[in-house]
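Understanding the architecture of this molecule
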Amino acid sequence: MGQASRYWTLVKLGSNGRSYTEAIAVARQFFQAQFPDLEDDIPEGKIQQQLWQIRQHSSHPPDQFAAELCLRCFISHQVEQVCIQLETQFGDYYGFTRHDLFPYVLDDPGKAGSQKQPGGYQPLGLQILQKFDPDRASLTTWTVRLVRQHPELNQFLLEQGLCMLSDWAILNDTTQKKLRRVLTQFHHLTEIEVQQSSLLLESYHAIYRRDRILQGQKGQCLSPTTAQLQAIANQMQTLSPSTILARLHTLADRLRQQRIATRGSVPSNYSLDQPENAALLESFSTESDDPSDAQQLEFLQAYRQQFLTCLDQSLEQVIRSRQQTLKSPKDQSFLRGLHLFYCQSLSMTEIAIEIGLKAQYEVTRLLKLKEFRADVRHKLLDGLRQYVRDKAKSYLDLDHLNHLDQQIEVALSEQIDALIQKDEAKATTPKGYGSRSLLAQQVCRSLDQVLGSTTS
Amino acid sequence: MMYEAGTALMERFLDPEILPESVISLGPATMEQAMARSRSISHPDRQWQTYLNTLALFGVAQWFAQRAGDISLNQGQASILLPSYASVIPAVCNLVAKGFKLCLIATTSQPDEVVEIPRAAIDLPDFIPHFYVVVAIYEEQAQVMLHSFLRYDQLASRIATIPPDEDWTYPIPLNWFDPNIDRFLLYLRCADPGAIALPEPVIDLRTALATLQTELLHLLPQLQVNDRPWWQTLTWEQGSVVLSTPPLLNWILTPQSPSPLPTADSPHPHLSDLLQLLTRPLINVGNWLQDQLDDLAQQLSWVLLPPLSSQMRLKESGDTMPRDEFEAIVTQLQRQGVTLLPDARAAFSNLVIGTIPVRLCVITATFQEAGQPPEWSLLVVVGPAPGNHLPYGTRLRISDTTGILVQRSLTPVQGEEYLFSEIFGTLDETFLVTITVPDGASLSLPPFSW
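Residues numbered from 1 in each chain as written. Chains lettered and ligands numbered in written order. Predicted model: local features only at pLDDT ≥ 70, side-chain atom pairs only at ≥ 80, totals over all residues. Heavy atoms only, no water.

Examining the domain arrangement of chain A
Residues and elements named next belong to chain A. What the domain assignment lists for chain A is domain 1 (4-159), domain 2 (167-262) and domain 3 (275-455). Contacts between the two partners involve four residues from domain 1 and, on the opposite side, six residues from domain 3. Counting each side, the surface lost to burial between domain 1 and domain 3 is near 480 Å², with a carbon and sulfur contribution of 50%. For the pair domain 1 and domain 3, the number of links is zero salt bridges. Where domain 1 meets domain 3, there are zero residue pairs in polar contact (both at pLDDT 80 or more). Per-class residue counts for the side of domain 1 that touches domain 3 are two nonpolar, one polar and one charged. (Domains from an automatic or database assignment. Contact = heavy atoms within 4.5 Å. Buried area = accessible area lost by both parts, 1.4 Å probe. Salt bridge = Lys/Arg side-chain N within 4 Å of Asp/Glu carboxyl O. Polar contact = N/O pair within 3.5 Å; in protein donor to acceptor, adjacent residues only side chain to side chain. Nonpolar A, V, L, I, M, F, W, Y, C, P; charged D, E, K, R; others polar.)

Here we look at the domain arrangement of chain B
The domain architecture assigned to chain B consists of domain 1 (2-195), domain 2 (205-253) and domain 3 (281-449). A separation of 52 Å is found between the C-alpha centroids of domain 1 of chain B and domain 3 of chain B.

Let's talk about helix 21 (residues 398-413) of chain A
The α-helix advances 3.6 residues per turn, and as a result positions three or four apart in sequence lie on the same side. Residue and element names in this part refer to chain A. Given a rise of 1.5 Å per residue, 16 residues ought to cover 22 Å, and the 23 Å separating the end C-alpha atoms of helix 21 matches this to within 8%. Here helix 21 lies mainly inside the structure; 15 of its 16 residues are buried. The backbone nitrogen of Asp399 lies 2.9 Å from a side-chain oxygen of the residue at the head of helix 21, namely Asp397. (Helix = DSSP H or I, 4+ residues; strand = E, 2+ residues; numbered from the N terminus. Expected span 1.5 Å × (residues − 1). Buried < 20%, exposed > 50% of the residue type's maximum accessible area, 1.4 Å probe, protein only.)

Regarding the pairing of strand 2 (residues 19-23) of chain A
All names here are of chain A. Examined bridge by bridge, strand 1 (residues 9-13) and strand 2 share five bridges and lie antiparallel to one another. What sits directly across from Leu10, in strand 2, is Glu22. Counting the residues that bridge the hairpin from strand 1 to strand 2 gives five residues, and of these Gly17 lies at a positive phi of roughly 85 degrees. (Pairing = 2+ DSSP bridges.)

Some remarks on the pattern of salt bridges
Under the criterion given, the structure shown has 41 salt bridges over all chains. The salt bridge partner of Asp167 of chain A is Arg256 of chain A, with a shortest N-O separation of 2.8 Å. You can see Asp167 of chain A sitting in helix 8 (residues 167-172) and its partner Arg256 of chain A sitting in helix 12 (residues 241-261), a full 89 residues away along the chain. Taking relative accessible area as the criterion, Asp167 of chain A reaches 0% and is therefore assigned buried. Among the charged side chains, a network of salt bridges with common partners joins Lys370, Glu371 and Asp375 of chain A together with Arg67, Asp70, Asp182 and Arg189 of chain B.

Quick word on the interface of chain B and chain A
Across the boundary between the two partners, chain B contributes 61 residues, which contact 76 residues of chain A. Counting the surface lost from both chain B and chain A, the interface buries some 6400 Å², and carbon and sulfur atoms represent 55% of this. Counting every contact that joins chain B to chain A gives 13 salt bridges. Linking Arg209 of chain A and Asp45 of chain B is a salt bridge whose minimum nitrogen-to-oxygen distance equals 3.2 Å. On inspection of chain B and its partner chain A, the count reaches 25 residue pairs in polar contact (both at pLDDT 80 or more). Of all the secondary-structure elements, those providing two or more residues to the side of chain B that touches chain A are helix 1 (2-13), strand 1 (17-18), helix 2 (28-38), helix 3 (44-67), strand 6 (114-118), strand 7 (131-138), strand 8 (143-151) and helix 7 (181-190) of chain B. For the side of chain B that touches chain A, the leading source of residues is helix 1 of chain B, giving nine residues. When the residues that make up the side of chain B that touches chain A are grouped by side-chain class, the tally is 26 nonpolar, 13 polar and 22 charged. When strand 3 (residues 162-163) of chain A meets strand 1 of chain B, the two strands line up antiparallel, connected through two bridges. Across the sheet, Cys163 of chain A pairs through a bridge with Glu17 of chain B, a residue of strand 1 of chain B.

Considering the sheet that holds strand 19 (residues 442-444) of chain B
Residues and elements named next belong to chain B. Spatially, 16-15-18-19 is the arrangement adopted by the four strands of the open sheet, whose pairing is antiparallel. Edge positions in the sheet fall to strand 16 (403-409) and strand 19, since each has one partner strand and no second. The sheet shows a mean angle of 15 degrees between the axes of neighbouring strands, direction not considered. Pairing geometry for strand 18 (residues 432-436) and strand 19, over three bridges, is antiparallel. Counted as the bridge partner of Ile435 is Leu443 from strand 19. Contacts from helix 11 (residues 269-279) reach strand 15 (395-400), strand 16, strand 18 and strand 19 within the one sheet, and its direction differs from that of strand 15 by about 60 degrees. (Axes fitted to C-alpha atoms, helices over the stretch in contact; angles between N-to-C directions.)

What to know about the sheet that holds strand 12 (residues 345-353) of chain B
Residue and element names in this part refer to chain B. Overall, antiparallel pairing links the five strands, which are arranged 11-12-13-14-17 in an open sheet. Taken across any chain shown, the strands that pair with only one partner, and hence form the sheet edges, are strand 11 (303-304) and strand 17 (419-426). With two bridges joining them, strand 11 and strand 12 adopt antiparallel strand pairing. Along strand 12, the bridge assignment pairs Leu304 with Ala347.

Dropping the structure here:
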């Protein structure tokens, strides 16, 4: 069977939300009759071209339909692959599987219906096929392109924090200067090619972006209408609307390649919130090699009583204001999440389970620990201001202030007895907290009070 | 084998971008508001840029509300909300948070390695911020993100290495910007705006305007009628003066209504009046109430008349105005329904316009209505020199910085000897009086101020 079976088996959505492949006899017979010697390794493009020709031009309607079914079968496999690809790349972190995606895109029943039913829904596979032009792109490219534009799938992914820009968004997003840079420096095109593209983009902007604003179109950018393509063609004076469309796609592809090549793909906050990666966090915040560091530590030593007082006040204020911006029951989840992280050292994934969230990214978004720490430091610095004698130096020199902020980060991450003398530490902290960072220690104290007062 | 190729291709094309947790989602109503604000701009690129800038402003305002409720953002002077700047400076200048001025640079969802900052925000003190903030806009997704920021002092120390582009932008390397937005918050929350010294205006705008006056009179009308970017018409020197002079910006961006009277004046009488108002030395008529003429009025041989309430007889010598003549004027004014305030003061000046001798009388007073700021009045009476007649077709025009307020012509129908008009303004307003005689010769007096 092998790869060829993709042309006669259709990937469908089962009632359990999983995909299954269904052999389509008509497609199989037809395909095997058309390509009896597949061992010969016929290029994919050629197979598709031939099927496409039959679908478009055969005088025998059953052949037309059979060829279409073969192509739709192929598309369904590609669509499934897109979902698998998304799951592999992002599912773990964002907490979705291919099965969450299938219902949006696996909707081809494999039945007749080339013509759009009046008021009826057209399966994605058929939509893809109707817009397909084998002279311009492979069927796989075309499928990926249209799946990428699928509104409901996009909405689902956006809610998870992933966005897929349409070609039109990418073109909207490109200035003439950027276009020139990308085409010359990244694609090494000739001046004439650059000029042609520049003119195309200018005409596209003048029509498409203007219409988007004038017509108040929001959300996903739809393909340009025939009227828009005609208007662009008129501006360009020479080209036909279908050529314009193809060139716009080509241009968008080029821009997209550069986008992908110049972008980091790992979420920057992925690892920072893991307790086991606290060291990493510290290495980020203590990048300073300023000789006056020692002096600044002295600053903290000098104000350590005020420091601790201010820290308590800051924590209380930051936790309270965070809680107030969250709607119930998120405010309670926030407090519990904070408690589980700082006081029980659970990982984001474990916390997700404990507080009934699906994925770790949801916990990350709820807790926003990096912001939390920053807010605490800022409140702390602001609170210390009243005690600081040499304000001009500390608060008027931004670099100085910045180093101070980093020093506080270090102090918060340090074990408590580094800052406070041991006896004092023992006296002020409950048993078992001693080995954690100062911040964790104080957060737990604050939370014990807040949670204690709400639960007991 | 073919299958692998397909997968590679899929990875290339299927490229979800990861939105950071700090991203701000804009609602449909906000998107619509931003679109509505940019619809009136006809130039397609500027329209889109204004739209993105507005999204940046709304997004940052929302970010402050969500992330830093302790900081209030003052958008009252935001350039993007002022029509005169919105489409001219492609950034959001003059936002204020805790005394710090911010300038938002709206960029595409994935900022380029170079950030285009308008020259105005780097070279013109009116627009220079404490912080430049790069705001990445995912327009299709209605998401906005604070990407990075740059302190003015850090930019200023290095800007000499970057020549500005001809389109009035500086290409600033993205790696100058600090992606640590928490640090930006730290500065706003804990530092004092004095920590970053901003430059004071160094050029004398009045002198610069006076030098460029003739060129601007010629060039600014072009900006009004064509859609080309300003940098294609003006030099930066000219542009910087215009950008620093709001009345000129307003003139350019206000469609001109056709003149109510057919005139042989310059094709853009208000622009020429405006330039004079902005550049010429002023005559202070407020001094008249203290029984004084300022130096300029003295140089121009103005003669101050005694208070109207005084019963003092006026001398009938050559240089002063005979009481009969002044009373005739007052009588005629009263017939026209103009009443003079008791403490009004008048002065006159004898002028020759072309070949026509003219006597110009100006009467001024100050008053205040309940609940209103104090105002002053300027009553201008153009009459013949003694023993002459004012020719029909003599015209009087009075302008302020917003437009031409009065245009009158002496016609036989009225059978009057005098042309007059009275206008009122707040104490900071100035007025330019221009008299044109039938042969086309005209004279603008130094602007009157209080």
